[in-house]
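For reference, the chains in residue letters:
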Amino acid sequence: MKISVISFITAALATFALTATGSPPTAIADPTVEAAARIELQGAVNVRDIGGYRTYDGAKVKSGKAIRADSLDKLTAADVQKLGSLNLKAAIDLRTPAEVQFSGPDKLPAGVQQISRPIDDTGLFQQMLQAIQSRDPQRQEELLGNGRAEEIMAGVYRSFFNTDSLAKFGQTIKDLAATDKATLYHCTAGKDRTGWVTYVVLRAVGVPEQTARQDYLLSNQFRAAADAKLREDVKRAGLMQNPDLLIPLQEVRAAYLETAVDKLEADYGDFGKFLTQGLGLDGGTILQLRKNLVG
């Protein structure tokens, strides 16, 4: 089977694109936790309305307000039509320019505002691209084996706290607080940058931390089949002898989330100070976010 290097790398190797669980994930979401509604599309596999979760006081996150997603560049005409029925106001693209260049721009319904807000990838995209294209098993092992892939992901999550990333995450949450319609936000695989935004938003509006964590872990289930196939394609194409080296990059893991939470607590002391001092959200914006998303 002949496969284009670009076609699979754009789907999987952009900075946070390597998301899947071909083997049992390190941690998976508890199926007893009420999950946000999955939006079934042909060209994207990790699209969810985050409405439906209960807050500490028994209220419920509204549906039709905030939608998390993976890349929208491969949507079909039917997918675009389906998105058009969701009353979208804007789609916020957190991908880097390199990711967009390789994968392509979003396909969106007419009238939906497209916002480019790239979150730094710590150079991971170019590093992975070079390693895979090398077809060199030793180089790939040196880069990703023996816990190095996990170290890469820890670095990615720590990078969420650099000045530029904090500002862009903060602005995305401000947009979610202000919209009168639905706002969609996404990265390439919809699991790291998108997962962190969602975790923060859910906690900010009063959803229990454990529930927000379970939402984060659901990406493993939703991306499993597509990403397992990608690993098969990589091996079949002769690009990697051991594509399982990619699994730590493909999964979301409780340990990755803990890296960010530990950084949050070390830098700001608690979640509330992170919202105000880190993300630049004032009390009025936080109240507006809850009013807009919970009811």
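The following paragraphs examine the structure supplied in this document. Predicted, not measured: the structure shown is a model, and the values here were computed from it. (Residues numbered from 1 in each chain as written. Predicted model: local features only at pLDDT ≥ 70, side-chain atom pairs only at ≥ 80, totals over all residues. Heavy atoms only, no water.)

## Looking at the overall build of the chain
Looking only at helices and strands, the chain has 14 helices and 6 strands in total. Classification of the 295 residues of the chain by burial places 57% in the buried group. Within the chain, contacts between residues separated by at least 24 positions form 75% of all contacts whose residues are at least 6 apart in sequence. Taken as a whole, the chain presents about 11,700 Å² of accessible surface, with 51% of it coming from carbon and sulfur. (Helix = DSSP H or I, 4+ residues; strand = E, 2+ residues; numbered from the N terminus. Buried < 20%, exposed > 50% of the residue type's maximum accessible area, 1.4 Å probe, protein only. Contact = heavy atoms within 4.5 Å. Areas by Shrake-Rupley, 256 points an atom, 1.4 Å probe, with all protein chains shown as cover.)

## Considering helix α9 (residues 209–217)
Burial runs high along α9: 7 of the 9 residues are buried. Of the positions making up α9, those classed as buried are Thr211, Ala212, Arg213, Gln214, Asp215, Tyr216 and Leu217. Tucked into the core, α9 has its buried residues touching β2 (48–49), β3 (66–69), α6 (148–158), α8 (193–204), α10 (219–236) and α12 (254–268).

## Observations regarding the pairing of strand β4 (residues 88–93)
Burial analysis of β4 places 5 of its 6 residues in the buried class, the great majority of the element. In this structure, β4 lies alongside strand β6 (residues 182–186), joined through 5 bridges in parallel fashion. Counterpart to Leu88 in the pairing with β6 is Ala182. Pairing geometry for β4 and strand β5 (residues 113–116), over 4 bridges, is parallel. Bridge pairing links Ala91 to Gln114 in β5. Remark: the β4/helix α3 (residues 97–103)/β5 crossover connection has right-handed handedness. (Pairing = 2+ DSSP bridges. Right-handed = clockwise from strand over helix to strand, strands pointing away.)

## Examining the sheet that holds β4
Taken in spatial order, the 6 strands line up as β1-β2-β3-β6-β4-β5 in an open sheet, and their pairing is mixed. On the outer flanks of this sheet lie β1 (37–38) and β5, each paired with one strand and no other. With 4 bridges joining them, β3 and β6 adopt parallel strand pairing. Looking across to β6, one finds that Ala66 is bridged to Thr183.

## Some details on the packing of aromatic side chains
Under the definition given, this model contains 11 aromatic pairs. Measuring from centroid to centroid gives 5.0 Å for Tyr157 and Phe160, while their planes differ by 50 degrees, and the two rings are tilted. For Tyr157, a relative accessible area of 0% translates into the label buried. On the basis of relative accessibility, which here comes to 0%, the residue Phe160 falls in the buried class. (Phe/Tyr/Trp six-rings, centres within 6.5 Å; stacked < 30°, edge-to-face > 60°.)

## Details of the pairing of β6
Among the 5 residues that make up β6, 5 are buried, leaving the element largely enclosed by the rest of the structure. Side chains of β6 alternate between two faces, with Ala182, Leu184 and His186 and Thr183 and Tyr185 buried alike.

## Some thoughts on the side chain of Asn220
Here Asn220 is to be found in helix α10. A polar contact is formed between the side chain of Asn220 and the backbone oxygen of Val252, at a distance of 2.9 Å. (Polar contact = N/O pair within 3.5 Å; in protein donor to acceptor, adjacent residues only side chain to side chain.)

## Considering the nonpolar core
Within the largest apolar cluster, 66 residues are counted, with the highest numbers of intra-cluster contacts made by Leu144, Trp196 and Phe274. Ranked by residue count, the leading element in this core is α8, at 7 residues. The next biggest cluster of nonpolar side chains, apart from the first, holds 16 residues, and it includes Ile39, Val80, Ala91 and Leu184. (Core = buried A, V, L, I, M, F, W, Y, C linked by side-chain atoms within 4.5 Å.)

## Thoughts on the pattern of salt bridges
Here the structure, examined in full by the defined rule, presents 22 salt bridges. In this structure, Glu99 and Arg193 form a salt bridge, with 2.9 Å as the shortest nitrogen-oxygen distance. Taken as a pair, Glu99 in helix α3 and Arg193 in helix α8 lie far apart in primary sequence, 94 residues in all. Here Glu99 matches Arg193 in class, with each residue buried. With a shortest N-O distance of 3.8 Å, Asp244 and Arg231 are connected by a salt bridge. Highlighted residues: Asp244 in the loop between α10 and α11 (247–250) and Arg231 in helix α10, separated in sequence by 13 residues. Classification of Arg231 by relative accessible area gives buried; the value is 6%. Bridged by salt links that share partners, the residues Asp73, Lys74, Asp93, Arg95 and Asp106 form one connected network. (Salt bridge = Lys/Arg side-chain N within 4 Å of Asp/Glu carboxyl O.)

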